[in-house]
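If you want the building blocks of each chain, they are given just below.
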Amino acid sequence: MSTIDRLLEHNASYATGFAQGRLASAPAGRVAVVSCMDARLRIDAMLGLSEGDAHVIRNAGGIVTDDVIRSLTLSQRLLGTREVMLIQHTDCGLTDLEDAEVADTIERDTGVRPPFALGAFPDLEANLRLSIGRVTASPFLPHRDAVRGFVYEVGTGRLREVS
Ligand SMILES: [Zn+2]
């Protein structure tokens, strides 16, 4: 059985007795969370979120890219979110990489150099501050006064705010 088959089995039992089918699409908590895709981060579990509570936008590193700004723009302008919570984490794979080295390897393997930045960063807290700055500087976001950044410690499960 593949992993996806196993996930589908779980979904069948999840859907049995499902009672959250009438929620509004606008998040009840009026918050958007941006985080790394790292498998050790269970955003719902660590923050106590349920269906309908928050937007969760994830990518490698939890960095604020143009596409994250796109999602936040729709989140705030169309779906009423007001606060932005950024979560990056200790032991992130992107802190050990060099963009150019990975791009070189991909180019050697495929003949094509990736046109996108891979987003590697050496300093976690500096990167988080940069991400906060990208949100607060975006002219497309009407709500930029409640943007906060956190380091999730994968060893303890704790969030630590970076100001
Ligand atoms: Zn990560």
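Residues numbered from 1 in each chain as written. Predicted model: local features only at pLDDT ≥ 70, side-chain atom pairs only at ≥ 80, totals over all residues. Heavy atoms only, no water.

> Sorry if this is basic, but what is going on with helix α3 (residues 66-79) here?
Side chains of residues three or four places apart in an α-helix project in the same direction, reflecting 3.6 residues per turn. Helix length check: α3, at 14 residues, gives a terminal C-alpha distance of 19 Å against a target of 20 Å (1.5 Å per residue), a fit within 8%. Among the residues of α3, V68, I69, L72, T73, S75 and Q76 are the ones counted as buried. In an axial view of α3, the angular spread of the buried residues amounts to 165°, which keeps them on one side of the axis. Within α3, the exposed residues directed more than 90 degrees away from the buried face are D66, R77 and L78. G80 lies just past α3 and shows a positive phi near 75°. (Helix = DSSP H or I, 4+ residues; strand = E, 2+ residues; numbered from the N terminus. Expected span 1.5 Å × (residues − 1). Buried < 20%, exposed > 50% of the residue type's maximum accessible area, 1.4 Å probe, protein only. Arc of directions from axis to C-beta.)

> For this particular structure, what's the right way to read the sheet that holds strand β2 (residues 54-59)?
Strand pairing in a sheet relies on backbone hydrogen bonds. The paired strands run either parallel or antiparallel. Here five strands make up an open sheet; going across it, the order is β2-β1-β3-β4-β5 and the pairing mixed. The sheet terminates laterally at β2 and β5 (159-162), the two strands that pair on one side only. Sheet twist, expressed as the mean angle between neighbouring strand axes with direction ignored, is 25°. The pairing of strand β1 (residues 31-36) with β2 spans six bridges and is parallel. Bridged to V34 within β2 is I57. Relative to the sheet, helix α5 (residues 124-136) contacts β3 (83-89), β4 (147-152) and β5, its axis offset from that of β3 by approximately 160°. (Pairing = 2+ DSSP bridges. Axes fitted to C-alpha atoms, helices over the stretch in contact; angles between N-to-C directions. Contact = heavy atoms within 4.5 Å.)

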